[in-house]
Amino acid sequence: MEGSSASCSRNFGGLRSVVLYKVDDVSFGGYRSSAGFTNCSLAPEATPLEVYFADGGARYLERIDSEGGVEHHLEMVVSGLRTELLGQVRALSRQGVVAVLTLTSGRSFVVGCSPRGGADYPLRLLEAEGDSATKRSDNPTVRMLLGSKDGWSATPFSPLEL
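A short tour of the structure in this document, coming up. In this text, all values refer to a predicted model and were calculated from it rather than measured experimentally.

What counts and what doesn't
- Residues numbered from 1 in each chain as written.
- Predicted model: local features only at pLDDT ≥ 70, side-chain atom pairs only at ≥ 80, totals over all residues.
- Heavy atoms only, no water.
- Helix = DSSP H or I, 4+ residues; strand = E, 2+ residues; numbered from the N terminus.
- Buried < 20%, exposed > 50% of the residue type's maximum accessible area, 1.4 Å probe, protein only.
- Contact = heavy atoms within 4.5 Å.
- Areas by Shrake-Rupley, 256 points an atom, 1.4 Å probe, with all protein chains shown as cover.
- Core = buried A, V, L, I, M, F, W, Y, C linked by side-chain atoms within 4.5 Å.
- Pairing = 2+ DSSP bridges.

### Remarks on the overall build of the protein chain
Line of reasoning, step 1. Tallying secondary structure elements over the protein chain gives one helix and eleven strands in all.
Line of reasoning, step 2. For the protein chain, the sequential pattern of α-helices and β-strands runs β-β-β-β-β-β-α-β-β-β-β-β.
Line of reasoning, step 3. Counting all 162 residues of the protein chain, 37% fall into the buried class.
Line of reasoning, step 4. Partitioning the contacts of the protein chain with sequence separation of at least 6, the portion at a separation of at least 24 is 69%.
Line of reasoning, step 5. Within the structure as shown, the protein chain displays about 9900 Å² of accessible surface, and the carbon and sulfur contribution to it stands at 49%.

Structural data, given as structure tokens:
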């Protein structure tokens, strides 16, 4: 029996990349009550912070509660005791963070801003820790958890939109 390549295809989960921006670097325009903001752009001086993580080192969780609120959690684990990265993310978080998440499938989403909420509900640093590890054979790590709560699911992203 011959199998088609379509029947052997697999769905892979996980994140391929995470890029963070200060919420102040994102602006919205063209508000319509039926659709929300119709355009979004990055300031020319916007500086992206790409967080490099190993396979299995990042995940995005979206939870909808019984009242319609949507919780967004972005967890990232980076190899090495990178205290400078903790400082960079903490500094970004003071005003709020917008994240562009790219899945292993190639689809991308924006978290921390939306057509309906604009940049009113950015991600904030909820937890962060640097761990030197207790055994010489273990790798030191940095773990960060960013989160926010609003009323909308993550927005599909096109590079032309942001």
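### With respect to the nonpolar core
Where a protein is soluble and globular, its nonpolar side chains tend to be buried together.
Line of reasoning, step 1. Counting residues in each nonpolar core, the largest one holds 24 residues, and the members touching the most others are V18, L20, L74, M76 and M144.
Line of reasoning, step 2. When contributions to this core are tallied by element, the ones reaching two or more residues are strand 1 (15-22), strand 4 (49-51), strand 6 (70-79), helix 1 (83-95), strand 7 (97-103), strand 8 (108-111) and strand 10 (141-150).
Line of reasoning, step 3. In terms of residue count, the dominant contributor to this core is helix 1 (four residues).
Line of reasoning, step 4. Leave out the neighbours within four places in its chain, and M76 touches V18, L20, V51, G57, A58, V142, R143, M144 and L146.
Line of reasoning, step 5. In terms of nonpolar packing, the next biggest core, distinct from the first, is built from eleven residues, V23, V100, V110 and C113 among them.

### Observations concerning the side chain of S93
Line of reasoning, step 1. Among the structural elements, S93 can be located in helix 1.
Line of reasoning, step 2. Aside from chain neighbours lying at most four places away, what touches S93 is R124 and L125.

### Quick notes on the pairing of strand 8
Line of reasoning, step 1. Residues S108 and V110 line one face of strand 8 and the alternating positions F109 and V111 line the opposite face, and both faces are buried.
Line of reasoning, step 2. Taken together, the four bridges between strand 7 and strand 8 define a ladder with antiparallel strand orientation. Paired with T102 across the strands is S108, a residue of strand 8.
Line of reasoning, step 3. Adjacent in sequence and paired antiparallel, strand 7 and strand 8 are bridged by four residues, among which G106 carries a positive phi angle near 100 degrees.

### Things to note about the sheet that holds strand 1
In a beta sheet, neighbouring strands are held together by backbone hydrogen bonds and run either parallel or antiparallel to one another.
Line of reasoning, step 1. Pairing is antiparallel in the open sheet, where five strands are placed in the order 4-1-7-8-11. In this open sheet, the two strands that pair with only one neighbour each are strand 4 and strand 11 (155-156).
Line of reasoning, step 2. The pairing of strand 1 with strand 7 spans seven bridges and is antiparallel. Looking at strand 7, one finds that K22 is bridged to V97.

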